[in-house]
Amino acid sequence: MPQLGQVVGYSLGILGLTLSGYPLMACELPQQSIVGNDPAFNHMPLIQDQKTLQQYGGQTVTLQGRYVAQKQIPDITSAGIWNPEQPPIPHIRATIVLKDGTSVSLYPPTHKQSLRSPEEADQFDQQTVRVEGTVEANTVGSSSSRWVIRPVEIQLASP
């Protein structure tokens, strides 16, 4: 026999699903659609140069190029929290350099998300990678636009 708390919790869960507009069958696994299994549907454009990059600006793509990490030691007088007994932690940002020399930053450089981990930089620096994400032109802080990608996944490119 179920405990009172289990019955109340189950009832509140059903009530929540009903009130939120979800059908009571929402806990069933969705049916596989034919489109979801079609490899052409899930294929993202592969970007390797600026010409192709411009065609797919604002879209989710796969970018292929050389990962280049840049380490910068922040100015300790303006870097916020600083422990004088330890050296400052470097800020690591990365760009993907395409075949034609075009650089694409991982996130806009002014975003906190643009800071890369030392592990990521060590793993990918100077390697050919594939980055899945959304590319866009970024004009913040300069008169000319710079390309950025908001990565979802970074992996070594197969040779």
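Here the structure is shown first, and the text comes after it.
Each chain has its residues counted from 1, running along the sequence as written. In keeping with the predicted nature of the model, local features appear solely for residues at pLDDT of at least 70, side-chain atom pairs appear and are counted solely at 80 or more, and the whole-chain, interface and lining totals rest on all residues. Processing note: side-chain calculations cover all non-hydrogen atoms of the structure and skip hydrogens and water entirely.

### Considerations on the pattern of salt bridges
Where we set the bar: Whenever Lys or Arg places a side-chain nitrogen within 4 Å of a carboxyl oxygen from Asp or Glu, that contact is recorded as a salt bridge. We count a stretch as a helix when DSSP gives it H or I for four or more residues in a row; a strand needs E for two or more, and each element gets its number in order from the N terminus. Exposure classes here rest on a 1.4 Å probe applied to the protein chains alone. A residue is buried below 20% of its type maximum, exposed above 50%, and partly exposed in between.
Following the criterion strictly, the structure yields two salt bridges and no others. For the salt bridge of Arg-150 with Glu-136, the shortest nitrogen-to-oxygen distance reads 3.1 Å. Of this pair, Arg-150 sits in strand β6 (residues 146-156) while Glu-136 sits in strand β5 (residues 128-138), and the two are 14 residues apart along the sequence. A relative accessible area of 24% means that Glu-136 is categorised as partly exposed.

### Considerations on the pairing of β5
Moving residue by residue along a regular strand, the side chains alternate between the two faces of the sheet. Selection criterion: At least two bridges found by DSSP between two strands is the condition for calling them paired.
As paired elements, strand β2 (residues 60-72) and β5 share seven bridges and run antiparallel to each other. Bridging from a neighbouring strand, Thr-60 pairs with Thr-134 of β5.

### Some thoughts on the side chain of Arg-116
The following threshold applies: Pairs of N or O atoms within 3.5 Å make up the polar contacts considered here, provided that, within protein, one atom can donate a hydrogen while the other can accept it, and that residues adjacent in sequence are counted only when both atoms are side-chain atoms. For this analysis, residues touch if any pair of their heavy atoms sits within 4.5 Å.
Among the structural elements, Arg-116 can be located in the loop between β4 (103-106) and α5 (118-124). Among the polar contacts listed, one links the side chain of Arg-116 to the backbone oxygen of Gln-113, at a separation of 2.8 Å. Among the polar contacts made by the side chain of Arg-116, one reaches the side chain of Glu-120 at a distance of 2.8 Å. Among residues more than four places away in sequence, those in contact with Arg-116 are Tyr-67, Ile-92, Arg-93, Ala-94, Leu-106, Tyr-107, Pro-151 and Ile-154.

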